[in-house]
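A closer look at the structure
Now for the letters of each chain:
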Amino acid sequence: AIWVCTFANCQFGEDFGAMLKECPFIRVLQTVELTVLVVDFQAGSLSRSWCGLEVKYTTEQEMEFVLYTSAGRVGSSYVSGGPL
């Protein structure tokens, strides 16, 4: 199964809970094995607080985290370093 928060969360009126661990972003991450973040040339998603929260939770829980740019997976032979 794939969960895409842009499509899965109502952006107007979602119940985000009283604590961070109750928000839909964390609730879904508790059920997955892998987090994938796709960034554009300007890496705009990194300026969104919920994306930062997802990255932080994923790394704290020592879950697999994968970062993609338009050139491919970061860390592959196609995207091995340098600016996004």
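Just so it is clear, the structure is predicted and the values come from calculations on it, not from any experiment.

The helix and strand tally for the protein chain stands at three helices and three strands. Along its sequence from the N terminus, the protein chain presents helices and strands in the succession α-α-β-α-β-β. The buried share of the protein chain, taken over its 84 residues, is 27%. Of the contacts formed within the protein chain by residues at least 6 apart in sequence, a portion of 48% connects residues at least 24 apart. For the protein chain, the exposed area adds up to about 6,300 Å²; of that, 57% sits on carbon and sulfur atoms.

The next thing to look at is helix H3 (residues 49–60). Its twelve residues place the ends of H3 16 Å apart at the C-alpha level, agreeing with the 16 Å of an ideal helix rising 1.5 Å per residue. Buried within H3 are the following residues: Cys51, Leu53, Glu54, Tyr57 and Thr58. Taken around the axis of H3, the buried residues stretch over an arc of 160°, which confines them to a single face.

On to the nonpolar core. Residues Cys23, Phe25, Ile26, Val28, Leu29, Leu53, Tyr57 and Met63 constitute the largest nonpolar core, which totals eight residues. Mapped onto this core, the elements with two or more residues apiece are helix H2 (24–29) and H3. Apart from residues no more than four positions distant in its own chain, Met63 is found in contact with Leu29, Val32, Glu33, Thr35, Tyr57 and Thr58.

Spatially, three strands are ordered E1-E2-E3 in an open sheet, and the strand pairing comes out mixed. Looking along the sheet, the strands with just one partner apiece sit at the ends: strand E1 (34–38) and strand E3 (72–73). Both E1 and strand E2 (residues 64–69) contribute to a ladder of five bridges, which runs parallel. When the bridges of E2 are listed, Leu34 appears paired with Glu64.

This paragraph deals with unusual backbone geometry. A positive phi angle, near 55°, is found at Ala43, a position not held by glycine. Ala43 sits in the buried class, given a relative accessible area of 13%. Phi is positive for Glu62, close to 55°, though the residue is something other than glycine. Note that Glu62 resides in the loop between H3 and E2.

This model, assessed by the stated rule, comprises one aromatic pair. With a centroid separation of 6.3 Å and 10° between ring planes, the pair formed by Phe25 and Trp50 is classed as stacked. A residue pair is termed long-range when its members are at least 10 positions apart, and Phe25 in helix H2 and Trp50 in helix H3 qualify at 25 residues. Its relative accessible area of 31% is what places Trp50 among the partly exposed residues.

Criteria and cut-off values
Residues numbered from 1 in each chain as written. Predicted model: local features only at pLDDT ≥ 70, side-chain atom pairs only at ≥ 80, totals over all residues. Heavy atoms only, no water. Helix = DSSP H or I, 4+ residues; strand = E, 2+ residues; numbered from the N terminus. Buried < 20%, exposed > 50% of the residue type's maximum accessible area, 1.4 Å probe, protein only. Contact = heavy atoms within 4.5 Å. Areas by Shrake-Rupley, 256 points an atom, 1.4 Å probe, with all protein chains shown as cover. Expected span 1.5 Å × (residues − 1). Arc of directions from axis to C-beta. Core = buried A, V, L, I, M, F, W, Y, C linked by side-chain atoms within 4.5 Å. Pairing = 2+ DSSP bridges. Phe/Tyr/Trp six-rings, centres within 6.5 Å; stacked < 30°, edge-to-face > 60°.

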